[in-house]
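So you can see what is in the structure, the chains are spelled out below.
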Amino acid sequence: MSASPHVMADAIRVLSMDAVHKARSGHQGMPMGMADVATVLWTKFLKFDATRPDWADRDRFVLSAGHGSMLLYSLLHLTGFKAVTMKEIENFRQWGSKTPGHPEYGHTPGVETTTGPLGQGVATAVGMAMAERHLASRFGDDLVNHRTWVIAGDGCLMEGVSHEAISLAGRFKLNKLTVLFDDNNVTIDGYATIAETGDQVARFKAAGWAVKSIDGHDHGAIRKALAWATRQDKPTLIACKTKISKGAGPKEADPHSHGYTLFDKEIADARAAMGWTEAPFVMPEEVTKAWRKAGRRGGRDRKAWEARLTTSEHAEAFNHAIRGELGPDAFTALDAHVQKLLAEPKADATRTWSGAALQHLIPAIPEMVGGSADLTGSNNTFVKGMTAFDTPDYAGRYVHYGVREHGMAAAMNGMALHGGVIPYSGTFLAFADYSRPAIRLGALMGVRVIHVMTHDSIGLGEDGPTHQPVEQIASLRAMPNLLVFRPADGVEAAECWRVALKHRATPSVMALSRQKTPQVRTQVSEERLSDNGAYELLAAEGEAKVTLFASGTEVGIAVAARELLQAEGIGTRVVSTPCWELFDIQPASYRAEVIGGSPVRVAIEAGVRQGWERFIGEDGLFIGMTGFGASAPYERLYKEFGITAEAVAAQAKATLRAA
């Protein structure tokens, strides 16, 4: 006898109760409440094959309400994902398990994105849907034709990033995107209405979504709504009215049953109410068979797709894109550009040099998709010949994100996770704080996303301290698995872009100047020096008494200060530090050689000191910012804050005399 859909849903509830109870930690409320919706979705609509979690044309399922991770782990186990065994379910939230507290991309097969920080999943899913539409335009619906499904809760929709994401999706009419709203009116503090009385359905409708409200426990209504969603010409919201901890007896619909609140008696009562007689972590045979059948349901579709791919004229290009590979000629034009710069040096803003690098990269790497948060002309992220990503033809490779830095960064994560796209986009460095939660998730997941952040210091001038970043670079450098590049000129800018693109498991930040800076790299080198993260740009003439370390526009100041010091017979080295993270992974011998043994070590950067100790030690001299900036032309600002070649030389001499 086959298990009924309701019994299949109860299997999710029981596994969620048991795992959370054993761990004495976690959240069973949402998994139990959304079990009916998830059962209908995964057994009737979601296109997937449990034997091939990496099938490129699978539907994407995003659990934005990541605290309810046992919903996803239950589904993965029940449908037959090999990695998520019953032992892993029993080891929920334990060291080394495949079932961590919140879903983690790259850790558990079947998890499409790391979620937990609320709202991030919704915004990331928008990027996945964008990538699907773009690749369908490039390769055709025969190869790319899948949906993105999201489960989100009240908390997800309260977060500001959700507003950015849903308006962006509505503007682009991403009709392959469906958000299933767990409309249970519950957050941690109690009923959601203590903090939110807005009409979420009306909000989505106003943003250009098709909307529908249903009983989230009525399987017939759920099936009809999901079928309806697949026929719409715009993104869809289905508000599923549910009861948190559905099936938990007295705890059902209790606003305080969000987290670990079901103990032995409550679980025994819930099992009795469901008629569930099996021991903890044991599934009835008929339930297992029914769920495993659902897990195999997409096998036929996958095999048909693989046959189409084999005979497609786009097969080679498609596979190349999905694997995230760079072609043999990806950097040919860029390398020629660098050689021209070395032959004909000139001064310019590093944002301009970044844009020049992109002019050579965009035609050579068709997977690159750019954009800006309404700052295209300032960020230099648009390359002539690019067209806008937009409805109805999504083939364009430039996204106008509007003033939505957080949504933009999260959407880029989604594009990279989807595969087939290498996203980059721009804003001002001061606004990195808007993007930071998504940048952090990208670093945690290890995705190739490039954040172009211009106006990188007080050097932007008259806009003043609201726009002048002083602490942002240091804070970004503190983030694990994030490459922070601050190139000094056009040669370094090109080298940094090359490195960023070659690092497939690390996001990058390009910190770029508004003001012009001299070209400091004029000598041809057999190696790309920026690859090392830091390198000796200029050696001392005579014994090195002073070493000047700098990044970005301050490298030019260091070069000028060296000239002043050398003119007085003080041997001075200059070390450029375009990427600390790359320097940190170099051999100890190389790092020691670059840092050197000069009695005076000076760091120069128009930002805060934090982190420079790795180069200059605790007692080294730092010339930079100790507070916020001011509004004035940048030349005056550098003089007033003492970040000039003359000031550097004077302080170096004073320190040398005192040594």
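Shown above is the structure to which this text applies.
Attention here is on the structure that accompanies the text. As the structure is a prediction and not an experimental result, all values here were calculated from the model.

**Digging into the packing of aromatic side chains**
Item 1. Scanning the model with the defined rule gives 22 aromatic pairs in all.
Item 2. Centre to centre, the rings of W305 and F318 are 5.9 Å apart; their planes meet at 65 degrees, and the pair counts as edge-to-face. Within this pair, whereas W305 is found in helix 13 (residues 299-311), its partner F318 is found in helix 14 (residues 315-323), the two being separated by 13 residues in sequence.
Item 3. Ring centres of F549 and F615 lie 5.4 Å apart, and the angle between their planes is 35 degrees; on these two criteria the pair is classed as tilted.

**A few points about the side chain of Q472**
Item 1. In this fold, Q472 is placed in helix 20 (residues 472-477).
Item 2. Of note is the side chain of Q472, whose polar atom sits 3.0 Å from the side chain of D433.
Item 3. In this structure, Q472 is in contact with L429, A430 and D433, ignoring residues within four places of it in sequence.

**Details of unusual backbone geometry**
Item 1. Cis geometry marks the peptide bond from T391 to P392; its omega dihedral reads 5 degrees.
Item 2. Within the secondary structure layout, P392 lies in the loop between helix 17 (376-379) and strand 10 (398-400).
Item 3. Unusually for a residue other than glycine, R24 sits at a positive phi of about 55 degrees.
Item 4. Along the chain, the position of R24 falls in the loop between helix 1 (5-23) and helix 2 (29-33).
Item 5. By relative accessible area, R24 is classed as exposed at 58%.
Item 6. Residues other than glycine seldom take positive phi values, yet H455 does so here, at roughly 55 degrees.

**Focus on the pattern of salt bridges**
Item 1. One pass over the full model with this rule turns up 35 salt bridges.
Item 2. One salt bridge in this structure joins K241 and D183, with 3.7 Å as the shortest N-O distance. Of this pair, K241 sits in strand 7 (residues 236-241) while D183 is found in strand 3 (residues 177-183), placing the two residues 58 residues apart along the sequence.
Item 3. Using a relative accessible area of 19% as the deciding quantity, one classes D183 as buried.
Item 4. D254 is the salt-bridge partner of K251, the closest N and O atoms lying 3.9 Å from each other.
Item 5. Judged by its relative accessible area of 21%, K251 is partly exposed.
Item 6. If you follow the salt bridges from partner to partner, you end up with D49, R52, D54, R302 and E306 in one network.

**Notes on the pairing of strand 18 (residues 572-576)**
Item 1. Most of strand 18 is tucked away: five of the five residues are buried.
Item 2. Residue alternation in strand 18 divides its side chains into two sets, T572, V574 and S576 and R573 and V575, and both sets are buried.
Item 3. Relative to strand 18, strand 16 (residues 535-538) is paired through three bridges, and the arrangement is antiparallel. Looking at the pairing, Y535 lines up with S576 of strand 18.
Item 4. With five bridges connecting them, strand 17 (residues 546-550) and strand 18 associate as parallel partners. In the strand pairing of strand 18, A550 is matched with S576.
Item 5. Chirality of the crossover, the property in question, places the unit of strand 17, helix 22 (residues 554-567) and strand 18 among those that are right-handed.

**A short note on the sheet that holds strand 6 (residues 210-215)**
Two strands in a sheet stick together by hydrogen bonds in their backbones, pointing the same way (parallel) or opposite ways (antiparallel).
Item 1. Across the sheet, five strands lie side by side as 1-2-3-7-6; this open sheet has parallel pairing. Two strands bound the open sheet, and with one partner strand each, they are strand 1 (60-63) and strand 6. On average, adjacent strands in this sheet sit at an angle of 20 degrees to one another, irrespective of strand direction.
Item 2. Where strand 1 meets strand 2 (residues 148-153), four bridges bridge the pair, whose relative direction is parallel. The residue bridging F61 from the neighbouring strand is W149, located in strand 2.

**Regarding helix 4 (residues 69-79)**
Item 1. Within helix 4, 11 of the 11 residues are buried, which leaves the element mostly enclosed by the surrounding structure.
Item 2. For helix 4, the full list of buried residues reads S69, M70, L71, L72, Y73, S74, L75, L76, H77, L78 and T79.
Item 3. Of the residues one or two after helix 4, G80 is the one with positive phi, at around 105 degrees.

**Remarks on the sheet that holds strand 10**
Item 1. The six strands lie next to each other as 10-9-11-12-14-13, forming an open sheet whose pairing is parallel. At either margin of the open sheet sits one strand with a lone partner, and together these are strand 10 and strand 13 (483-485). When strand polarity is set aside, the average angle formed by the axes of neighbouring strands in this sheet is 20 degrees.
Item 2. Two elements, strand 11 (residues 422-428) and strand 12 (residues 450-454), share five bridges in a ladder whose sense is parallel. Within the sheet, the bridge partner assigned to G426 lies in strand 12 and is V452.

Calculation criteria
- Residues numbered from 1 in each chain as written.
- Predicted model: local features only at pLDDT ≥ 70, side-chain atom pairs only at ≥ 80, totals over all residues.
- Heavy atoms only, no water.
- Phe/Tyr/Trp six-rings, centres within 6.5 Å; stacked < 30°, edge-to-face > 60°.
- Helix = DSSP H or I, 4+ residues; strand = E, 2+ residues; numbered from the N terminus.
- Polar contact = N/O pair within 3.5 Å; in protein donor to acceptor, adjacent residues only side chain to side chain.
- Contact = heavy atoms within 4.5 Å.
- Buried < 20%, exposed > 50% of the residue type's maximum accessible area, 1.4 Å probe, protein only.
- Salt bridge = Lys/Arg side-chain N within 4 Å of Asp/Glu carboxyl O.
- Pairing = 2+ DSSP bridges.
- Right-handed = clockwise from strand over helix to strand, strands pointing away.
- Axes fitted to C-alpha atoms, helices over the stretch in contact; angles between N-to-C directions.

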